[in-house]
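The primary structure of each chain is shown beneath.
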Amino acid sequence: MMIYAKLFWEFFQTGLFAVGGGMATLPFLYDISDRTGWFTHAQLADMIAVSESTPGPIGINMATYSGYLTAGIPGAIISTLGLITPSIIVILIIAAFLYAFRDNEYVNGAFYGLRPASAAMITAAGLIVARVVFFGVDFANGVNLKAAVLAVVLLLLTHVITFTKKLHPVVFILLAAVVGVVFKF
């Protein structure tokens, strides 16, 4: 029973402070991994891949996945509820006081100030993911050549080759899934 309370609390904190969308939850998930040992950094990289490939918000998908790894289906439900509860509370409070704060310069300033913090958290998450993908968790094996070649190919397909620029993102997700299975990423 204690694991469920811990899961809820960890993901409640993540939901409370991860401003900027699902990718902003990554630094919190790495911290949870380091402090609790519930999942490894390699498993977190798998979570990102699965969460990006499945429908729904990435942050919620990752909370559900990590909760499942930690404590099965009840853990998945508890961690998801923990992540979304702060948002629900904040939305209810804002809805109740919307007109009072609508034109408040302090509130507008606070939201304006959250933008760079959100951008920094997303950038940090992207750099952590890139490090794990290209170098592994501990840098011991050098550069992952398969990942580097795939990154160059995707860069060319999405930014240089003109006919692929008009393809729907789902096409790239499906192709990436196939490449991942074939080349055992």
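As the structure is a computational prediction, the values presented were derived from the model and not from experiment.

## Focus: the side chain of Glu10
Relative to the elements of secondary structure, Glu10 occurs in helix α1 (residues 2-17). Since its relative accessible area comes to 11%, Glu10 is described here as buried. Filtering out sequence-adjacent residues up to four positions away, Glu10 remains in contact with Ile32, Arg35 and Trp38.

## Topic: the domain arrangement of the protein
Each assigned domain of the protein is listed with its residue range as follows: domain 1 (2-100), domain 2 (103-139) and domain 3 (144-185). One C-alpha centre belongs to domain 1, the other to domain 3; they are set 28 Å apart.

## Quick look at the layout of surface pockets
Put simply, the second largest pocket is a space of about 550 Å³. For the second largest pocket, the lining is made up of 25 residues, of which Gly15, Leu16, Ala18, Val19 and Ser87 are closest to its centre. Put simply, the parts of the chain that give the lining of the second largest pocket at least two residues each are α1, α4 (58-101) and α5 (105-135). When residues in the lining of the second largest pocket are grouped by element, the largest group, 10 residues, is from α4. Residues of the lining of the second largest pocket, tallied by class, amount to 17 nonpolar, 7 polar and 1 charged. For the lining of the second largest pocket, the two domains that each supply at least three residues are domain 1 (2-100) and domain 2 (103-139).

## Structural notes on helix α3 (residues 41-53)
Because an α-helix completes one turn every 3.6 residues, residues spaced three or four positions apart along the sequence face the same direction. In this model α3 runs 18 Å from its N-terminal to its C-terminal C-alpha over 13 residues, within 8% of the 18 Å that 1.5 Å per residue would give. All of the buried residues in α3 are His41, Leu44, Met47, Ile48 and Ser51. All buried residues of α3 lie within an arc of 100° about the axis, which places them on one face of the element.

Each value, and the rule that gives it
Residues numbered from 1 in each chain as written. Predicted model: local features only at pLDDT ≥ 70, side-chain atom pairs only at ≥ 80, totals over all residues. Heavy atoms only, no water. Helix = DSSP H or I, 4+ residues; strand = E, 2+ residues; numbered from the N terminus. Buried < 20%, exposed > 50% of the residue type's maximum accessible area, 1.4 Å probe, protein only. Contact = heavy atoms within 4.5 Å. Domains from an automatic or database assignment. 1 Å grid on protein atoms, 1.4 Å probe; cavity = no way out; pocket = protein on both sides within 12 Å on 5 of 7 lines; lining within 4 Å. Points joined across faces, edges and corners; volume = space filled by probe spheres on them. Nonpolar A, V, L, I, M, F, W, Y, C, P; charged D, E, K, R; others polar. Expected span 1.5 Å × (residues − 1). Arc of directions from axis to C-beta.

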